[in-house]
Amino acid sequence: MNYDEAKDLLAGKGQSHLLRYYDELSEEEKECLLAQIAGIDFSTLEKLDGKKEGTDAVRNIEPLGALTIPEIEKNRDYYEKKGLDAIRQYKVGAILLAGGQGTRLGYDKPKGTFNIGETKELYIFECLINNLLEVVKKAGTYVPLAIMTSDINYEDTKEFMVMHDYFGYDAEYVHFFIQDMAPATDFNGKIYLADKGKIAMSPNGNGGWFTSFVNAGLLEVFAGYGVEWMNVFAVDNVLQKIADPCFVGAAIDSGKVSAAKVVSKAFPEEKVGLLCTEDGRPSIVEYYEMTDEMMYSKDENGMPLYNYGVILNYLFSLDELKRIMEDPLPVHIVEKKIPYIDDNAQTVKPTEPNGYKYELLVLDVIHLMRDCLSYEVVRDKEFAPIKSLTGVDSLETARELLKRNGVEY
Ligand code: UTP
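A quick note: this is a predicted structure, and the numbers were derived from the prediction, not measured. (Residues numbered from 1 in each chain as written. Predicted model: local features only at pLDDT ≥ 70, side-chain atom pairs only at ≥ 80, totals over all residues. Heavy atoms only, no water.)

1. What to know about the site of the ligand
Around the ligand, the structure places 20 residues, and the nearest of them are Leu97, Thr103, Gln179, Val235 and Lys387. Contacts to the ligand include Arg104, whose side-chain N or O atom sits 2.8 Å from an oxygen atom. Between the ligand and Lys336 there is a distance of 3.1 Å, counted from an oxygen atom to a side-chain nitrogen or oxygen. Protein coverage of the free-state accessible area of the ligand, which is 560 Å², stands at 89%. Considering only residue class, the shell around the ligand consists of 7 nonpolar, 9 polar and 4 charged. (Near = heavy atom within 4 Å. Polar contact = N/O pair within 3.5 Å; in protein donor to acceptor, adjacent residues only side chain to side chain. Areas by Shrake-Rupley, 256 points an atom, 1.4 Å probe, with all protein chains shown as cover. Nonpolar A, V, L, I, M, F, W, Y, C, P; charged D, E, K, R; others polar.)

2. Describing helix 6 (residues 76-88)
Between the first and last C-alpha of helix 6 there are 18 Å, a value that for 13 residues agrees with the 18 Å anticipated at 1.5 Å per step. For helix 6, the set of buried residues is Tyr79, Glu80, Gly83, Leu84, Ala86 and Ile87. For helix 6, the buried positions fall inside an angular range of 160 degrees around the axis, keeping them on one side. Structural note: helix 6 exposes Asp77 and Lys81 on the side pointing more than 90 degrees away from its buried face. Summarising the contacts, the buried residues of helix 6 are in contact with helix 5 (69-74), strand 2 (92-97), helix 7 (124-139) and helix 11 (245-254). (Helix = DSSP H or I, 4+ residues; strand = E, 2+ residues; numbered from the N terminus. Expected span 1.5 Å × (residues − 1). Buried < 20%, exposed > 50% of the residue type's maximum accessible area, 1.4 Å probe, protein only. Arc of directions from axis to C-beta. Contact = heavy atoms within 4.5 Å.)

3. Side note on unusual backbone geometry
One can expect most non-glycine residues to show negative phi and most peptide bonds to be in trans. Even without being a glycine, Tyr166 presents a positive backbone phi close to 55 degrees. Phi at Asp279 is positive, roughly 50 degrees, even though this residue is not glycine. Here Asp279 lies in the loop between strand 11 (274-278) and strand 12 (281-285). By relative accessible area, which is 54% here, Asp279 ends up exposed.

4. Notes on the pairing of strand 4 (residues 174-178)
When a strand is regular, its side chains alternate between the sheet's two faces. Within strand 4, 4 of the 5 residues are buried, which leaves the element mostly enclosed by the surrounding structure. Where strand 3 (residues 145-149) lies against strand 4, 5 bridges are found, and the strand directions are parallel. Directly across from Leu145, in strand 4, lies its bridge partner Val174. A crossover connection joins strand 3 to the parallel strand 4 through helix 8 (residues 154-163); in handedness this β-α-β unit is right-handed. (Pairing = 2+ DSSP bridges. Right-handed = clockwise from strand over helix to strand, strands pointing away.)

5. Some remarks on the nonpolar core
Counting 63 residues, the largest nonpolar core has Leu96, Ile116, Leu145, Met161, Tyr169, Val238 and Tyr375 as the members making the most contacts within it. Apart from residues lying up to four places away in sequence, Tyr169 is in contact with Ile129, Leu132, Leu133, Val136, Tyr142, Val143, Leu145 and Val174. The next biggest cluster of nonpolar side chains, apart from the first, holds 36 residues, and it includes Leu97, Tyr308, Leu321 and Ile324. (Core = buried A, V, L, I, M, F, W, Y, C linked by side-chain atoms within 4.5 Å.)

6. A few points about the pairing of strand 2
Burial analysis of strand 2 places 6 of its 6 residues in the buried class, the great majority of the element. Both faces of strand 2 are covered, namely the face carrying Val92, Ala94 and Leu96 and the face carrying Gly93, Ile95 and Leu97. For strand 2 and strand 9 (residues 229-234), the ladder comprises 6 bridges, and the chain directions are parallel. Looking at strand 9, one finds that Ile95 is bridged to Val232. As paired elements, strand 2 and strand 3 share 4 bridges and run parallel to each other.

7. So, the pattern of salt bridges
Scanning all chains against the criterion turns up 23 salt bridges. With a shortest N-O distance of 3.3 Å, Glu118 and Arg399 are connected by a salt bridge. Of the two residues, Glu118 sits in the loop between strand 2 and helix 7 while Arg399 sits in helix 16 (residues 395-404), which places them 281 residues apart along the sequence. The class for Glu118 is exposed, based on a relative accessible area of 55%. (Salt bridge = Lys/Arg side-chain N within 4 Å of Asp/Glu carboxyl O.)

8. As for the layout of surface pockets
One number sums up the size of the second largest pocket: a volume of about 960 Å³. Breaking the lining of the second largest pocket down by element, the ones donating at least two residues are strand 7 (198-199) and strand 8 (201-203). Taken together, the residues of the lining of the second largest pocket sort by class into 13 nonpolar, 10 polar and 8 charged. (1 Å grid on protein atoms, 1.4 Å probe; cavity = no way out; pocket = protein on both sides within 12 Å on 5 of 7 lines; lining within 4 Å. Points joined across faces, edges and corners; volume = space filled by probe spheres on them.)

In structure tokens:
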């Protein structure tokens, strides 16, 4: 794309300000800026108009039960054996979503490299690998692991893992890939400049992981292992079980094409995404979309009718992921703090949200699935997310849970 083409394109999109500092750039910087402009997917930003007009349709949501903890315990040996058999045949791959920016933690390196230890070093990545190694030991085989990073944290993440010798994991089974980026805008949809010749881009959410995985050539690699199930999980839950044989066995046994680990809601207003059905298909309702009915209705046993919250640990059948690959995911428009360069060429680091990021979310992939096994786990044993330093879902609460589960830190 040359300058005139970029100028015309941006004028048509109301984004001409992106060329504001063009004349001050070196030839190389000019080229780089034009390439960034050529790469912008403007259709994503158009979703903002829909949001402003409040076009959200009424949704036809109904509760979804779960395979409960007592039911799982009754069949644990059977499920575990089934799961271990699948793992031994390399039918299960693990996908670590580590492309987020972890802004709530206020740590500017990849979240997985955060040291949560007090008396010794213990990194978030180390906790996850330790958990996965327990399965490797049981199965006697490695689980192929793909780590998704963003452009921003790829080098740091890879270097960190190499420096720590993958915390004892066999590097041959570890594959990195990079997710896509999307431009960040102010509240009126104007794209921010991060610098005179650099557009403010941020990772486009965790929902595009499969497309990025395929584009990186990893579908062939994982199919080559024989993988049939992908276990997708977040970086920040230091207690989670990865490629959990019992979960895998139950998913296979259910005959369904996906499965989600869930926890019972701790209290009606808890901020968790609820696994429900929508128009007969599985669907996750985010906490801010919950109606009073969904928060407070009870079933005939006096239990919450909408009871099961997701913890971002899913199993997807690879065939089903391939089938839905071209189906569009909704774009979530999220208020965030976005550093930018202002009209006086000063860099501004806002302390309050000053605009939007545009994200695809993995929870929407569930709604594209034909069906989903809702699989209940014990919250205190499997759910210790670190979103911030203090308060709910924080370093503090995670340390307490690690202690209760006998993990030294
Ligand atoms: P979060 O929703 O906690 O987002 O991500 P975040 O960006 O890490 O943190 P905040 O909101 O800025 O504090 C849930 C999981 O999805 C991954 C994260 O790394 C985490 O494992 N993620 C998120 C991605 O892989 N890519 C993204 O673009 C966003």
